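Given next are the chains, with one letter for each unit.
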Amino acid sequence: MESKNNDNKNNKKQNITIIISVILIVIAIVGTILFMKYNKKDENKDFSYSQLLTSIDEGLVEEVEMVEGSNTAKVKLVNEEEKKNVLIPSIDSFMELVQNKSENGIKINFNQKERNIFVNILRTLLSFLPTIILVVLVFMIFKMQGLGEKGKVYDSETQRTKTKFEDVAGLDEEKQEMIEIVDFLKHPKKFQEMGAKVPRGVLLCGNPGTGKTLIAKAIAGEADVPFISMSGSEFIEMFAGLGASRVRKLFEKARKVAPCIVFIDEIDAIGSRRTSSSGAETENNQTLNQLLVEMDGFDTEETIIVLAATNRPEMLDKALLRPGRFDRQITVALPDLNGREAILNIHAKGKQFAEDVNLRSIAEDTAGFTGAELANILNEAAILATIRERTSITNKDIEDALKKVTVGIEKHNRVVSEKDKKRTAVHEAGHAVVSHFLETQKDIKEISIIPRGIAGGYTMYKSSEDKCYISKNEMEEKLIALFGGRAAEKLALGDISTGASNDLEVANDIAKNMVTVYGMSDTVGQIHINLEKDPYQLELLGDKYGDIIGNEIKSLVDNAYFKAQTILANHMDALEVVSNELLENEVIAADRFEEIMANM
Ligand code: ADP
Ligand code: ZN
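Residues numbered from 1 in each chain as written. Chains lettered and ligands numbered in written order. Predicted model: local features only at pLDDT ≥ 70, side-chain atom pairs only at ≥ 80, totals over all residues. Heavy atoms only, no water.

### Digging into the coordination of the zinc ion (ligand 2)
- Binding of the zinc ion (ligand 2) to the protein goes through His427 (NE2), His431 (NE2) and Asp503 (OD), at separations of 2.0 Å.
- The motif formed by the donor residues of the zinc ion (ligand 2), counted along the single chain, is H-x3-H-x71-D. Of this pair, His431 sits in helix 17 (residues 418-436) while Asp503 sits in helix 19 (residues 501-516), and the two are 72 residues apart along the sequence. (Donors = N, O, S within 2.8 Å, 3.2 Å for Na, K, Ca; no water. Helix = DSSP H or I, 4+ residues; strand = E, 2+ residues; numbered from the N terminus.)

### Some points on the side chain of Thr516
- Residue placement: Thr516 occurs in helix 19.
- Beyond its immediate sequence surroundings of up to four residues, Thr516 is in contact with Ile527, His528, Ile529 and Ile549. (Contact = heavy atoms within 4.5 Å.)

### Looking at the site of ligand 1
- Neighbouring residues of ligand 1: 16 residues in total, closest Gly209, Lys212, Thr213, Leu214 and His347.
- At 2.9 Å, a backbone N or O of Ala169 approaches a nitrogen atom of ligand 1.
- Separating a nitrogen atom of ligand 1 from a side-chain N or O atom of His347 is a distance of 2.9 Å.
- Elements supplying a minimum of two residues to the shell around ligand 1: helix 8 (212-223), helix 13 (337-348) and helix 15 (371-387).
- The element that contributes the greatest number of residues to the shell around ligand 1 is helix 8, accounting for three residues.
- Here the shell around ligand 1 is composed, by residue class, of seven nonpolar, seven polar and two charged.
- Residue assignment places the shell around ligand 1 across two domains, with domain 3 (151-331) and domain 4 (337-406) each supplying three or more. (Near = heavy atom within 4 Å. Polar contact = N/O pair within 3.5 Å; in protein donor to acceptor, adjacent residues only side chain to side chain. Nonpolar A, V, L, I, M, F, W, Y, C, P; charged D, E, K, R; others polar. Domains from an automatic or database assignment.)

### Some points on the nonpolar core
- Judged by nonpolar contacts, the single largest core of 44 residues is most densely connected at Ile447, Leu479, Val578 and Phe593.
- Looking at this core element by element, the count peaks at nine residues for helix 21 (residues 543-569).
- With 27 residues, the next largest nonpolar core counts Met178, Ile219, Val225 and Ile261 among its residues. (Core = buried A, V, L, I, M, F, W, Y, C linked by side-chain atoms within 4.5 Å. Buried < 20%, exposed > 50% of the residue type's maximum accessible area, 1.4 Å probe, protein only.)

### Some remarks on the pattern of salt bridges
- Within the structure shown, the criterion is met by 22 salt bridges.
- When the shortest N-O distance is used, the salt bridge between Asp268 and Arg312 registers 2.9 Å. Taken together, the positions of Asp268 in helix 11 (residues 268-271) and Arg312 in the loop between strand 9 (304-310) and strand 10 (328-331) put the pair 44 residues apart, joining distant regions of the chain.
- For the salt bridge of Arg360 with Glu341, the shortest nitrogen-to-oxygen distance reads 2.7 Å. Of the two residues, Arg360 sits in helix 14 (residues 359-364) while Glu341 sits in helix 13, which places them 19 residues apart along the sequence.
- Looking at Arg360, the relative accessible area reads 29%, which means it is partly exposed.
- Here the salt bridges share partners, and the residues they tie into one network are Arg388, Arg390, Lys396, Asp397, Asp400, Lys403 and Glu446. (Salt bridge = Lys/Arg side-chain N within 4 Å of Asp/Glu carboxyl O.)

### Details of the sheet that holds strand 9
- With mixed pairing, six strands are arranged side by side in an open sheet as 5-7-8-9-6-10. Each edge of the open sheet carries a strand with a single partner, namely strand 5 (157-159) and strand 10. Averaged over all adjacent pairs, the angle separating strand axes in this sheet is 20°, with direction ignored.
- Those strands touched by helix 8 are strand 5, strand 6 (201-205), strand 7 (227-231), strand 8 (260-265) and strand 9, and its axis lies near 170° from that of strand 8. (Pairing = 2+ DSSP bridges. Axes fitted to C-alpha atoms, helices over the stretch in contact; angles between N-to-C directions.)

### Details of the packing of aromatic side chains
- One pass over the structure, following the stated rule, counts three aromatic pairs.
- When the centroid spacing of 4.3 Å and the interplanar angle of 55° are considered together, the rings of Phe184 and Phe191 count as tilted. With respect to class, Phe184 is no different from Phe191; both count as buried.
- Residues Phe227 and Phe263 carry aromatic rings whose centres are separated by 5.8 Å and whose planes lie at 25° to one another, so their mutual orientation is stacked. Taken together, the positions of Phe227 in strand 7 and Phe263 in strand 8 put the pair 36 residues apart, joining distant regions of the chain. (Phe/Tyr/Trp six-rings, centres within 6.5 Å; stacked < 30°, edge-to-face > 60°.)

### Focus on unusual backbone geometry
- Omega for the bond connecting Ala258 with Pro259 falls within 30 degrees of zero, at 0°, which places this linkage in the cis form.
- Mapping Pro259 onto the fold places it in the loop between helix 10 (242-257) and strand 8.
- At Asp224, a residue that is not glycine, the phi angle is positive and equals roughly 55°.
- As for its position among the elements, Asp224 is in the loop between helix 8 and strand 7.
- Overall, Asp224 belongs to the exposed group, its relative accessible area being 55%.
- Not every positive phi belongs to a glycine, and Glu586 is a case in point at roughly 70°.
- Considering the arrangement of structural elements, one finds Glu586 in the loop between helix 22 (572-585) and strand 13 (587-589).

### Considerations on the packing of helix 17 against helix 23 (residues 590-598)
- For the pair helix 17 and helix 23, the least separation of the axes is 12 Å and the interaxial angle reads 65°. Classified by the angle their axes make, helix 17 and helix 23 are roughly perpendicular. Like other packed secondary-structure pairs, helix 17 and helix 23 cross with a definite hand, here right-handed. Each of Ala432, Val433 and His436 in helix 17 lies in contact with helix 23, whose residues at this interface are Phe593, Glu594 and Met597.
- A class-by-class count of the residues in the contact of helix 17 with helix 23 yields four nonpolar, one polar and one charged. (Parallel < 35°, antiparallel > 145°, perpendicular 65-115°, else oblique. Left-handed = near helix turned anticlockwise from the far one by under 90°.)

### Points about the environment of Gly339
- Among the structural elements, Gly339 can be located in helix 13.
- As a C-alpha pair, Gly339 and Ala363 span 24 residues in sequence and 8.5 Å in three-dimensional space.
- Apart from the residues within four sequence positions on either side, Gly339 is in contact with Ala169 and Gly170.

### Observations regarding the packing of helix 18 (residues 472-493) against helix 19
- Axis separation between helix 18 and helix 19 bottoms out at 9 Å; the angle between their running directions is 160°. Between helix 18 and helix 19, the crossing angle belongs to the class labelled roughly antiparallel. Where helix 18 crosses over helix 19, the handedness of that crossing is left-handed. In this structure, helix 18 uses Lys472, Met475, Glu476, Lys478, Leu479, Leu482, Phe483 and Arg486 to contact helix 19, whose residues at the interface are Asp503, Leu504, Val506, Ala507, Ile510, Ala511 and Met514.
- Split by residue class, the contact of helix 18 with helix 19 holds 10 nonpolar, no polar and five charged.

### Digging into the sheet that holds strand 11 (residues 444-448)
- In spatial order, the strands read 12-11-13; together these three strands make up an open sheet with antiparallel pairing. Single-partner strands in this sheet number two, and they are strand 12 (458-461) and strand 13. Averaged over all adjacent pairs, the angle separating strand axes in this sheet is 10°, with direction ignored.
- The pairing of strand 11 with strand 12 spans four bridges and is classified as antiparallel.

Interpretation note: all reported values are geometric properties and have no functional meaning in isolation.
Below, the structure written as structure tokens:
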């Protein structure tokens, strides 16, 4: 929360700075235009000094008008209407010369005009304006970039971290690699003597929240070396060239404190493939090039290991992955069941739990969660327990925290009409009853008509196993379960509603993937379509093929809808009991649902 506020403040500050800069630039432009306009007459120095002298000698000059404080004279020639402006190099010697000439009988009206003081001041001010604005602008830019005196917002951070391997749960294979890196940092000599090259860059690949930063910190902590970190997105700024200079500074710092760890988060922000040379990309290139230069320039004596994190390694410029750069990769996967339990155990330290809490069963319910999300759940649970004035965290607190993290905050206070409630109850009961009769979908965890996020209600499934693969049968049954809601509305209420739009979206996505990605349609065959990789793939297959694919997707979802209706038509009594109990209690837990179904 706090850091979010800070971010907001920084953003606001930056926005204001941008607005002020724009205003200043506009003033500068307007000022310059005014200044040029005002001085336009002066600039019209269409008559040279030597021409003037000749004209005086020849007696062609009728009048010379000098304006005080200016070195321009207005000259009226005998036969001409318009006065000419002449730049006078030295006014004193010109006056002397004119006096001499007058004495020699050449007639010149010599006028000296005093210029308006106000105009004088304005003129001086205007002439300085662009310079003043430029100075202010440069100052602001520096401040914004954190290079000024105080604004170190975006500077890299050097830390001593106490994080150790024992703080990183699971990731046993990854730890093996990490131990090696720690060894390099601790005993660089040993490896050099053996002629082994110390690794320079290690790429940590994985989803956000899987613990990449944690791993980098743990390596620094175990090796007891400084941890210098910066995020890739911070290198990319509006002002060209600064990214590269930041990289230079980062490594300057690293060289001073080596051996050390340099951690670059979101490296894809600077290291994505160099394609075109539009503005932003050029800036990225400079930054990226500087990074490559720095990494290539490491001395064998210096032990600086650069760890970089990304969740899109395929996006990275190949140059980054060459030997001597980021030539090692550690893939940080989502934690499996044991991993999740271990992570929960780590974050449970220092918290009081009630007897009924079983971390293993929470781990079972959280397949697909990242370490960060698991840590967040326990933290939310602790907050809930505090609010509820408990002495320890109960299972209920954890369950609520889990729901909060997954589906959004409960909205008890949203007023829902009785009619809507009834429809939601029928819809959710439909999902649950249909699922009950599907071998792969039957593990219902909870049915609820309490609105959460944008959903009016929800049916939650237990996710006890970690699966690598999903079978065709399971996907088909998933489609049927998804249509359970709409089918129930149709059969029990005689009409369907918009409430099923999300179900339809998910179902259509699944059906499309079955046909075009997983080759699960017999008619379409073993086709894998990837338009990102090959935009012309559909053309290659031909129009007719497109029709077949479309028909196949349609028949998958239509069949599923039909099957859902068939199941419900045979179990209308169950649908009624479940939906009525939902209306009454708002929530039905797994055990109660099983009980109802067993009695049908
Ligand atoms: P990433 O850098 O991959 O986005 P982080 O390292 O910032 O993720 O992880 C965020 C937080 O999640 C960590 O500070 C830690 O509290 C928790 N976490 C993530 N993975 C693990 C793990 N394997 N073991 C323990 N805690 C973890
Ligand atoms: Zn639904």
